[in-house]
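Structural overview for review
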Amino acid sequence: MIEIITLGTACMQPTKDRNHVGTLLRYKNENILFDCGENIQRQLRHLNIKLTKITRIFISHWHGDHTLGLAGLMYSMASDQFAKKLFIYGPKGTKKNLAYLFKAFTNDTPIEHEVMEIDPKTKTVLDFAEFTIEVRPLDHRTPTLGYSFMEKDRLRIKPQYIKKIPGILLGKLQKNKTVTYKNKKITPQEAAYSIKGKKITILMDTRPCNNYLKLSQNADLLISEATFLHEHQEKAEKYYHMTAKEAGLLANQAEVKKLVLLHFSPRYKDISKFREEVKTVFQNVVCAEDFMKFKV
Ligand SMILES: [Zn+2]
Ligand SMILES: [Zn+2]
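Residues numbered from 1 in each chain as written. Chains lettered and ligands numbered in written order. Predicted model: local features only at pLDDT ≥ 70, side-chain atom pairs only at ≥ 80, totals over all residues. Heavy atoms only, no water.

1. Digging into the coordination of the zinc ion (ligand 2)
- At 2.2 to 2.3 Å from the zinc ion (ligand 2) lie its protein donor atoms, namely His-61 (NE2), His-63 (ND1), His-140 (NE2) and Asp-205 (OD).
- If you look at the zinc ion (ligand 2), its four donor atoms make angles of 89 to 167 degrees with each other, and the shape they trace is irregular.
- All donor residues of the zinc ion (ligand 2) come from one chain, and their arrangement in sequence is H-x1-H-x76-H-x64-D.
- Between the zinc ion (ligand 2) and the zinc ion (ligand 1), both coordinated by Asp-205, there is a metal-metal distance of 3.6 Å. With His-140 in the loop between β8 (131–137) and β9 (145–151) and Asp-205 in the loop between β14 (199–203) and α8 (210–216), this pair connects stretches of sequence that are 65 residues apart. Here the two residues His-140 and Asp-205 agree in accessibility, since each one is buried. (Donors = N, O, S within 2.8 Å, 3.2 Å for Na, K, Ca; no water. Tetrahedral: all angles 85-135°; square planar, octahedral: opposite > 155°, others 65-115°. Helix = DSSP H or I, 4+ residues; strand = E, 2+ residues; numbered from the N terminus. Buried < 20%, exposed > 50% of the residue type's maximum accessible area, 1.4 Å probe, protein only.)

This is how it looks when you write it as structure tokens:
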């Protein structure tokens, strides 16, 4: 099971009810943070999630509403005796920008970390043991990356084989290996079936673009920015953001299962209008609040 928590849902300025953005994805031993706006560490404390549990941070782009919380979070992780290595991924310039942050304070790095700068011309795929992350550039005012978390397909043993074969051999079958039991060869094709991995796509600041569509294709869950309503289309174009309607149209085209909107402009007091607008083109939509949880 994959759990996604919206830690912040505001855009440029946080409001009384909405924090700067940050989305936590929890999967097995991984606690992956996508963006880290101001105050994200406190949002995690609200949920009693230990900061030292964070394993990786993916940065979409270096605008303050997506990154101002990084230094605070990392210094607090140091105070909490984080003893592992934090892996940070982001667009070109991430190494230099992080170094500037630490220089402004104590000039030393609070915790051990490794930064991977991604400069995808079209697509990059990061491969981990049980999932991959697909990265593509988006269309914003500064280099910006969109991310898709893709769980790898896995094999599940058919019930009739679970009863008759010893556990150690079942483990091998599950790893796609043929085994021999009572002088008989048993193949994974015969004893198991494949379960499709889930896909979660997280697309922060951007205009509608081809890579938005490619990254979100068939996603089980798409978390998308929607800063404006259609009535402010010209502002969305000017500031390189999305409208709710545009997000809905693309989610529909990409055959996404569920769309979650966030990064709302504070000009809108009634966020339900975002939902109404999307509903005309895409049904399964949620306008996120801070601390919403989604299980996929
Ligand atoms: Zn933003
Ligand atoms: Zn931005």
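2. A word on the sheet that holds strand β16 (residues 259–262)
- Read across the open sheet, the seven strands follow the order β7-β8-β9-β14-β15-β16-β17; overall the sheet is mixed. Each having just a single partner strand, β7 (124–127) and β17 (285–287) make up the two edges of the open sheet. Neighbouring strand axes in the sheet, compared pairwise and without regard to direction, differ in orientation by 15 degrees on average.
- Pairing analysis gives four bridges linking β9 to β14, with the strands arranged antiparallel. Bridging from a neighbouring strand, Phe-149 pairs with Ile-200 of β14. (Pairing = 2+ DSSP bridges. Axes fitted to C-alpha atoms, helices over the stretch in contact; angles between N-to-C directions.)

3. Some thoughts on the coordination of the zinc ion (ligand 1)
- Ligation of the zinc ion (ligand 1) by protein atoms is provided by Asp-65 (OD), His-66 (NE2), Asp-205 (OD) and His-263 (NE2), these donors lying 2.1 to 2.2 Å from the ion.
- For the zinc ion (ligand 1), the four donor atoms in the first shell make angles of 89 to 158 degrees at the metal, a pattern classed as irregular.
- Each donor residue of the zinc ion (ligand 1) lies on the same chain, and together they follow the pattern D-H-x138-D-x57-H.

4. Some words on the sheet that holds strand β2 (residues 22–27)
- Read from one edge to the other, the open sheet built from seven strands follows the order β6-β5-β4-β3-β2-β1-β18, with strand pairing classed as mixed. In the strand order of this sheet, the two ends are held by β6 (113–118) and β18 (292–295), each with one partner. Each adjacent strand pair in this sheet contributes to an overall mean axis angle of 20 degrees, direction not counted.
- Strand direction decides the pairing type here: strand β5 (residues 86–91) and β6, joined by six bridges, are parallel. Across the sheet, Tyr-89 pairs through a bridge with Met-116, a residue of β6.
- Where helix α3 (residues 70–79) meets the sheet, it contacts β3 (30–34), β4 (56–58), β5 and β6, and its direction lies at approximately 170 degrees from that of β5.
- Running over the sheet, helix α4 (residues 94–105) touches β5 and β6 and is turned about 140 degrees from β6. (Contact = heavy atoms within 4.5 Å.)

5. A few points about the packing of α3 against α4
- The N-to-C vectors of α3 and α4 enclose an angle of 65 degrees; their axes lie 10 Å apart at closest approach. Our classification of the angle between α3 and α4 gives roughly perpendicular. Regarding α3 and α4, the two cross each other, and that crossing is right-handed. Residues Leu-70, Ala-71, Met-74 and Tyr-75 of α3 lie in contact with α4, whose contacting residues are Leu-98, Leu-101, Phe-102 and Phe-105.
- Split by residue class, the contact of α3 with α4 holds eight nonpolar, no polar and no charged. (Parallel < 35°, antiparallel > 145°, perpendicular 65-115°, else oblique. Left-handed = near helix turned anticlockwise from the far one by under 90°. Nonpolar A, V, L, I, M, F, W, Y, C, P; charged D, E, K, R; others polar.)

6. Points about empty space enclosed by the protein
- For the structure shown, the criterion picks out one cavity of 30 Å³ or more.
- What the largest cavity holds in volume is close to 40 Å³.
- Those elements that provide at least two residues to the lining of the largest cavity are β9 and β14.
- In terms of residues, the lining of the largest cavity owes the most to one element, β9, which gives three residues. (1 Å grid on protein atoms, 1.4 Å probe; cavity = no way out; pocket = protein on both sides within 12 Å on 5 of 7 lines; lining within 4 Å. Points joined across faces, edges and corners; volume = space filled by probe spheres on them.)

7. Observations regarding the pattern of salt bridges
- Here the structure, examined in full by the defined rule, presents 15 salt bridges.
- The shortest N-O distance in the salt bridge between Lys-196 and Asp-153 comes to 3.9 Å. Placement of the pair is Lys-196 in the loop between β13 (192–195) and β14 and Asp-153 in the loop between β9 and β10 (154–157), with a sequence separation of 43 residues.
- Ionic pairing is found between Glu-246 and Arg-207, a salt bridge with its closest N-O pair at 2.9 Å. Highlighted residues: Glu-246 in helix α10 (residues 244–253) and Arg-207 in the loop between β14 and α8, separated in sequence by 39 residues. (Salt bridge = Lys/Arg side-chain N within 4 Å of Asp/Glu carboxyl O.)

8. With respect to α4
- Compared with the 16 Å implied by 1.5 Å per residue over 12 residues, the 17 Å span of α4 between its first and last C-alpha is a close match.
- Along α4, the residues classified as buried are Thr-94, Leu-98 and Phe-102. For α4, the arc enclosing every buried residue in end-on projection is 65 degrees, short of the 170-degree limit, so these residues lie on one face. Away from its buried face by more than 90 degrees, α4 exposes Tyr-100, Lys-103 and Ala-104.
- Next to the buried residues of α4 lie α3, β5 and β6. (Expected span 1.5 Å × (residues − 1). Arc of directions from axis to C-beta.)

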